[in-house]
Protein chains: 2
Amino acid sequence: MARSKYAEVCEEVCTHPEILGRVAPEMPDEERLYDLAELFKVFGDTTRIRILYVLFESEMCVCDIAALLNMTQSAISHQLRILKQARLVRSRREGKTIFYALDDDHVRTVIGQGMEHIEEKHGRKRA
Amino acid sequence: MARSKYAEVCEEVCTHPEILGRVAPEMPDEERLYDLAELFKVFGDTTRIRILYVLFESEMCVCDIAALLNMTQSAISHQLRILKQARLVRSRREGKTIFYALDDDHVRTVIGQGMEHIEEKHGRKRA
DNA sequence: CTAACACTTGAACAGATGTTCATATGTTTT
DNA sequence: AAAACATATGAACATCTGTTCAAGTGTTAG
C-alpha cells in the first residue's frame, strides 16, 4: 500500500504521511545540498581553519602562513588550493611571492557562529 | 611538536617577522580550533545536511527521516548520533518512537550563511 | 510471558582525505 | 644564459568516514 511516494521503509504505523508531504517540497535541490556539504567540508579541517584564522588578521604569503602554523610549505599550498576552489580565499602575485587573503565576509560569519556554538554547548564541560 | 620560533621554513627574505609577531598572539588555542573543525566536519556531509534541512521544518522520528531521504534507518541513526554528539539535535522519546529536533539556532545561521556563499559565488556558473 | 516494533550499535568494507616527497612552474637576480 | 627563490602539483601512503549487515536495546501490544 504505497500511500505516498515516500515511505515503504517503515509500516504506515510509523511514517506520518502528512508530515512527509509537507516537508518534502521544502527541501532544496540535491545539487545545492551537495554543494553546501562540500563547502562545509572545506571548513572541517584544522589546518584550513587555522589558515582562515590567520587570514582574518592580515593578507599573507604562503611561507609566512607555513611559518606561523609550523607546517610544510607544500602542505599549506595544497590546502590553499582547496580554499581557493571554494572561493574562500583569493590570491595576488607580487614578484615571486603570492599573497592570500579572505575572499568573502561569509567566512567570518560562519566561523563566528561556529565558535559561538562551541562556547555555548561544549565550552563549559566543567563550569 | 617543536614549538620553535616561527620561521626556519623560508629564509628571512620571505617571512615577515613583524606580521608573524602581530598575528600569532591573535590565534585561539589549538584545542578550540580543533573543536571548531570537528563541528564543521559534522556539517560536511550530504546526509547530515539533508537531515538538518528536514528538521528545519519539523520535529521528526527516525523512520520518517529515513523515508524522506530514502535511506536505511540504520544509516540515519548513525548520522543522528553524530549530530547529537555535536549538540546540533536533541531527541525525545514517546513510546516506541524517538523524535529528533534541532537543538540550536546557530544551525540555521551557519547553514544559511553557507547557502548565501554558494548562491553568490558558485550559483551563477552559467548565468 | 512472547511477539512485534522503533531504534541503536558494532564490525567490516570501500571510498575519501591530508601529509610527505620529489619534481615542476614561474619570477627575479646575476 | 643560469641560479636562486616562492610556490604549485602529482603520486603514494596511512588514516579517517559513511554505509551496510547483523545483532542488540527498550517499549508496547496481545
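Treat the numbers as computed from the prediction; the structure is a model and nothing was measured.

Here the focus is the relation of the copies chain A and chain B. If you rotate chain A by 180 degrees and push it 0.0 Å along the axis, it lands on chain B with an RMSD of 0.0 Å. Between the two chains, the operation in question is that of a two-fold axis. Counting the interface residues of chain A, we find that 98% of their copies in chain B are interface residues as well, pointing to one common contact surface.

With that settled, the discussion passes to the protein's contact with DNA strand D. The local shell around DNA strand D holds 27 residues, among which Q73(A), S74(A), Y100(A), T47(B) and Q79(B) are the closest. Here DNA strand D approaches the protein such that, of its atoms within 4 Å, sugar and phosphate make up 65%. T47(B) is positioned such that a nitrogen or oxygen atom in its side chain is 2.6 Å from a phosphate oxygen of DNA strand D. The side chain of T72(B) places a nitrogen or oxygen atom 3.0 Å from a phosphate oxygen of DNA strand D. Secondary-structure elements contributing two or more residues to the surface near DNA strand D are α4 (62–69), α5 (73–85) and β3 (97–102) of chain A together with α3 (46–57) and α5 (73–85) of chain B. Looking at the surface near DNA strand D element by element, the count peaks at five residues for α5(A). Tallied by class, residues from the surface near DNA strand D come to nine nonpolar, 11 polar and seven charged.

This brings us to the packing of helix α3 (residues 46–57) of chain A against helix α2 (residues 30–43) of chain B. Running from N to C, α3(A) and α2(B) point in directions that differ by 115 degrees, and their axes come no closer than 9 Å. Pair α3(A) / α2(B) crosses with right-handed handedness. Between α3(A), through T46(A), I49(A), R50(A) and Y53(A), and α2(B), the contact on the second element is made entirely by E30(B), L33(B), Y34(B), L36(B), A37(B) and F40(B). Tallied by class, residues from the contact of α3(A) with α2(B) come to seven nonpolar, one polar and two charged.

Further remarks concern the environment of R50(A). By the secondary structure assignment, R50(A) is in helix α3. With sequence-adjacent residues up to four places away left out, R50(A) is seen in contact with L69(A), M71(A), M27(B), E30(B) and L33(B). Side chain to side chain, R50(A) and E30(B) meet in a polar contact 3.4 Å long.

The subject of this paragraph is the pattern of salt bridges. Throughout the structure, instances matching the rule amount to 18 salt bridges over all chains. A salt bridge links E94(A) to R92(A); the shortest N-O distance between them is 2.7 Å. Residue E59(B) is joined to R92(B) by a salt bridge in which the shortest nitrogen-to-oxygen separation is 2.7 Å. Highlighted residues: E59(B) in the loop between α3 and β1 (60–61) and R92(B) in strand β2 (residues 89–94), separated in sequence by 33 residues. Residue class for E59(B) comes out partly exposed when judged on its relative accessible area of 32%. Taken together, the shared-partner salt bridges in this structure form one network comprising R90(A), D103(A), D104(A) and K121(B).

Around DNA strand C, the structure places 27 residues, and the nearest of them are T47(A), Q79(A), Q73(B), S77(B) and Y100(B). Near the protein, within 4 Å, the atoms of DNA strand C are sugar or phosphate in 65% of cases. H78(B) places a side-chain nitrogen or oxygen 2.8 Å from a base oxygen of DNA strand C. In the environment of DNA strand C, a phosphate oxygen lies 3.3 Å from a nitrogen or oxygen atom belonging to the backbone of I98(B). Taken together, the elements giving at least two residues each to the surface near DNA strand C come down to α3 and α5 of chain A together with α4 (62–69), α5 and β3 (97–102) of chain B. Classifying every residue of the surface near DNA strand C gives nine nonpolar, 11 polar and seven charged.

Glancing now at the sheet that holds strand β2 (residues 89–94) of chain A. All names here are of chain A. Strand order in the open sheet made by the three strands is β1-β3-β2, with antiparallel pairing throughout. Of all the strands in the sheet, the pair left with one neighbour each is β1 (60–61) and β2. As paired elements, β1 and β3 share two bridges and run antiparallel to each other. Paired with M60 across the strands is Y100, a residue of β3. The strands that α5 touches are β2 and β3; relative to β2, the one it contacts most, it runs at about 120 degrees.

What follows deals with the confidence of the model for chain A. Residues and elements named next belong to chain A. For chain A, per-residue confidence averages 87 on the pLDDT scale, and 85% of positions sit at 70 or higher. Taken element by element, the predicted model of chain A shows its lowest mean pLDDT in helix α1 (residues 17–23) (86) and its highest in α5 (98). Scored below 50 in pLDDT, residues 1–12 makes 14 contacts in the model with residues more than four places away or belonging to other chains.

Cut-offs and rules
Residues numbered from 1 in each chain as written. Chains lettered and ligands numbered in written order. Predicted model: local features only at pLDDT ≥ 70, side-chain atom pairs only at ≥ 80, totals over all residues. Heavy atoms only, no water. Least-squares fit on C-alpha atoms with pLDDT ≥ 70 in both. Contact = heavy atoms within 4.5 Å. Near = heavy atom within 4 Å. Polar contact = N/O pair within 3.5 Å; in protein donor to acceptor, adjacent residues only side chain to side chain. Helix = DSSP H or I, 4+ residues; strand = E, 2+ residues; numbered from the N terminus. Nonpolar A, V, L, I, M, F, W, Y, C, P; charged D, E, K, R; others polar. Axes fitted to C-alpha atoms, helices over the stretch in contact; angles between N-to-C directions. Left-handed = near helix turned anticlockwise from the far one by under 90°. Salt bridge = Lys/Arg side-chain N within 4 Å of Asp/Glu carboxyl O. Buried < 20%, exposed > 50% of the residue type's maximum accessible area, 1.4 Å probe, protein only. Pairing = 2+ DSSP bridges. pLDDT = per-residue confidence, 0-100.

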